[in-house]
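Listed here are the chains, written in short residue letters.
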Amino acid sequence: MKKIQVILLVLLALLLTGCQNNEPAEEQNERTIGFAQAGTESNWRKAQNKSITEELEKQNYQVMARNSFSDPKQQFQDVMTFIAYQVDLIVLSPIQENGWETVLEEAKKAGIPVIIVDRNIATERTDLFLTHIGSSFKAQGGRAGLYVSNYYQKKEKESVNVFEIKGSDHTSPTRLRHDGFAETVGRDPRIKITQTITGDYIRLKAKEAFSEAIKAGKLQNIDVIYSHNDEMTLGALDALEAAKIENNFVIVSIDAQKEMIDLLKQQKVNCVVECNPFMGELVANTVKRYFAKETISEDIYVSDTVFSDQNPLSTIPPRNY
Ligand code: GYE
């Protein structure tokens with residue numbers, strides 16, 4: 001063989017080995033990730049679901065997905081099924097905060113690590129899961145509250161009454177979006193939450209509950225509508241339209257779905273706090289780091305921003321959800 005041929009062969013061999021992953025491909029393909037999803041209640045949820053599944057698959061993991069369609073008992077069973085199946089790792093996007101300790105103990109006994117994504121779980125037992133990946137819901141509530149207090153700061157008004165549309169009970173975004181908002185507007189003694197309904201993060205449920213509130217006269221004296229997600233804001237707007245009530249309210253919503261950003265641009269709502277659903281890459285990277293025995297931080301935050309009529313709207317990037 002001529003010297004030049006030998007050099008070319010060596011170069012080719014180097015190139016081929018360079019393309020390989022640190023981990024043998026067959027080993028990666030053997031790993032199964034159980035993904036327990038909460039539901040399908042919003043476009044936000046659908047985007048978050050897609051992002052996590054796609055990014056895990058990009059890393060060649062087998063994804064065993066179960067959706068509990070907003071039924072907490074079903075979700076406990078889904079996780080138990082993953083344990084029985086002996087998956088290599090569980091990604092859990094919980095519906096409710098409470099009741100997870102027994103199930104996660106079982107996962108621990110079986111040696112299956114668990115990563116919590118999006119909503120939090122209520123437990124002191126940090127040994128029951130590897131990490132939590134998601135937004136700071138309290139910061140989101142705070143951003144919503146800050147818009148409202150800034151809006152009324154220079155306005156001469158004796159009182160500002162807020163109608164709060166809450167998400168599902170016993171969930172961390174509902175609790176913390178309320179707390180963050182209440183804490184922030186609480187600095188201005190004129191601003192008070194005077195009415196509250198629950199819309200379960202679902203458009204139709206919020207429409208029904210809001211229509212009831214309208215009929216009961218609870219919209220009188222209301223200045224601000226603060227809703228814990230876009231789907232419920234859409235429900236409230238549907239109810240206003242059905243009742244032929246003019247929308248003179250200051251409206252603040254959370255998630256930043258495409259439809260809500262369009263309404264912001266049309267000046268039908270005032271402020272939209274982003275909740276970023278694209279956490280898939282962070283999730284897949286964390287899974288990879290775990291298997292590579294790298295250290296993982298206790299809390300991994302997804303970054304969010306805020307869009308309002310106080311900022312240039314033309315620069316808002318395309319939403320894709
Ligand atoms: O804001 C809402 C969804 O848990 C943060 O649940 C999530 C919330 C999100 O259905 O749209």
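Below: a short report on this structure. Since the structure is predicted, the reported quantities are computational estimates derived from the model, not experimental observations. (Residues numbered from 1 in each chain as written. Predicted model: local features only at pLDDT ≥ 70, side-chain atom pairs only at ≥ 80, totals over all residues. Heavy atoms only, no water.)

## Overview of the sheet that holds strand β3 (residues 89-92)
In step 1: Here six strands make up an open sheet; going across it, the order is β2-β1-β3-β4-β5-β11 and the pairing parallel. Only two strands of the sheet have a single partner each, and these edge strands are β2 (62-67) and β11 (299-301). Averaged over all neighbouring strand pairs, the angle between strand axes comes to 20°, with direction disregarded.
In step 2: Judged from the three bridges that link them, strand β5 (residues 131-134) and β11 form a sheet pairing that is parallel. Across the sheet, residue His 132 finds its bridge partner in β11, namely Asp 299. (Pairing = 2+ DSSP bridges. Helix = DSSP H or I, 4+ residues; strand = E, 2+ residues; numbered from the N terminus. Axes fitted to C-alpha atoms, helices over the stretch in contact; angles between N-to-C directions.)

## Overview of the pattern of salt bridges
In step 1: This structure, assessed with the given rule, holds 21 salt bridges.
In step 2: Lys 258 is the partner of Asp 262 in a salt bridge, and the nearest nitrogen-oxygen pair spans 2.8 Å. Of this pair, Asp 262 and Lys 258 both sit in helix α10 (residues 258-265), four residues apart, roughly one helical turn.
In step 3: Look at Lys 258 and you get partly exposed, because its relative accessible area is 47%.
In step 4: A single network of salt bridges, built from pairs that share partners, joins Glu 41, Arg 45, Asp 118 and Arg 119. (Salt bridge = Lys/Arg side-chain N within 4 Å of Asp/Glu carboxyl O. Buried < 20%, exposed > 50% of the residue type's maximum accessible area, 1.4 Å probe, protein only.)

## Examining the packing of aromatic side chains
The geometry of an aromatic ring pair is captured by the separation of the ring centres together with the interplanar angle, meaning the angle of the planes.
In step 1: Within the structure shown, the criterion is met by eight aromatic pairs.
In step 2: Measuring from ring centre to ring centre gives 5.3 Å for Tyr 290 and Phe 291, while their planes differ by 65°; the resulting arrangement is edge-to-face.
In step 3: Relative accessible area serves as the criterion here: at 15%, Phe 291 is assigned to the buried category.
In step 4: Taken together, the ring pairs in this structure connect Tyr 61, Tyr 290 and Phe 291 into an aromatic cluster.
In step 5: The ring of Phe 291 carries Arg 31 above its face, with NZ or CZ at 4.1 Å from the centroid.
In step 6: The ring of Tyr 151 is capped by Lys 155, whose NZ or CZ atom sits 4.1 Å from the centre of that ring. (Phe/Tyr/Trp six-rings, centres within 6.5 Å; stacked < 30°, edge-to-face > 60°. Lys NZ or Arg CZ within 6 Å of the ring centre and 35° of its normal.)

## So, the sheet that holds strand β10 (residues 271-274)
In step 1: The strand order across the open sheet formed by six strands is β7-β6-β8-β9-β10-β12, and the pairing between neighbours is mixed. Each edge of the open sheet carries a strand with a single partner, namely β7 (191-198) and β12 (306-308). Direction aside, neighbouring strands of the sheet carry axes that sit 15° apart on average.
In step 2: Bridge count for β10 against β12 is three bridges, and the pairing is antiparallel. Bridge assignment links Cys 271 to a residue of β12, and that residue is Ser 308.
In step 3: Its contacts with the sheet put helix α6 (residues 137-153) on β6 (160-166), β7, β8 (224-227), β9 (250-255), β10 and β12, and the angle it makes with β9 is roughly 160°.
In step 4: Sheet strands in contact with α10 are β9, β10 and β12, and its direction is about 150° off that of β10. (Contact = heavy atoms within 4.5 Å.)

## What about the layout of surface pockets?
In step 1: One number sums up the size of the largest pocket: a volume of about 380 Å³.
In step 2: If you trace the largest pocket, you find 19 residues lining it, with Asn 120, Ile 121, Phe 129, His 132 and Asp 299 closest to the centre.
In step 3: Among the elements of the structure, α6, α7 (172-185) and β11 are those that each provide at least two residues to the lining of the largest pocket.
In step 4: Residues belonging to the lining of the largest pocket are distributed by class as follows: eight nonpolar, six polar and five charged.
In step 5: Here the lining of the largest pocket spans two domains, since at least three of its residues come from each of domain 1 (32-134 + 277-303) and domain 2 (137-275).
In step 6: Counted as a void, the second largest pocket has a volume near 300 Å³.
In step 7: Residue lining of the second largest pocket: 15 residues in total, with Leu 237, Asn 247, Leu 263, Lys 268 and Val 269 positioned closest to the centre.
In step 8: Its residues assigned to classes, the lining of the second largest pocket comprises seven nonpolar, three polar and five charged. (1 Å grid on protein atoms, 1.4 Å probe; cavity = no way out; pocket = protein on both sides within 12 Å on 5 of 7 lines; lining within 4 Å. Points joined across faces, edges and corners; volume = space filled by probe spheres on them. Nonpolar A, V, L, I, M, F, W, Y, C, P; charged D, E, K, R; others polar. Domains from an automatic or database assignment.)

## Remarks on empty space enclosed by the protein
In step 1: Counted by the stated rule, this structure contains one cavity of 30 Å³ or more.
In step 2: Of the voids in this model, the largest cavity is the one considered here, and its volume is about 100 Å³.
In step 3: Taken together, 13 residues form the lining of the largest cavity, with Trp 44, Arg 45, Arg 119, Arg 177 and Asp 255 sitting closest to its centre.
In step 4: At the level of secondary structure, the elements contributing two or more residues to the lining of the largest cavity comprise α3 (43-58) and α7.

## Points about the site of the ligand
In step 1: The environment of the ligand is formed by 13 residues, the closest being Glu 41, Asp 118, Arg 119, Asn 229 and Asp 255.
In step 2: Contact between the ligand and Arg 177: an oxygen atom at 3.0 Å from a side-chain N or O atom of the residue.
In step 3: Relative to its unbound accessible area of 300 Å², the ligand is 100% covered by the protein chains.
In step 4: The cavity that encloses the ligand is the largest cavity.
In step 5: Of all the secondary structure elements, the ones that give two or more residues to the shell around the ligand are α3 and α7.
In step 6: Here the residues of the shell around the ligand sort into five nonpolar, two polar and six charged.
In step 7: When we break the shell around the ligand down by domain, the ones giving at least three residues each are domain 1 (32-134 + 277-303) and domain 2 (137-275). (Near = heavy atom within 4 Å. Polar contact = N/O pair within 3.5 Å; in protein donor to acceptor, adjacent residues only side chain to side chain. Areas by Shrake-Rupley, 256 points an atom, 1.4 Å probe, with all protein chains shown as cover. Sits in = over half its atoms within 2 Å of the grid points.)

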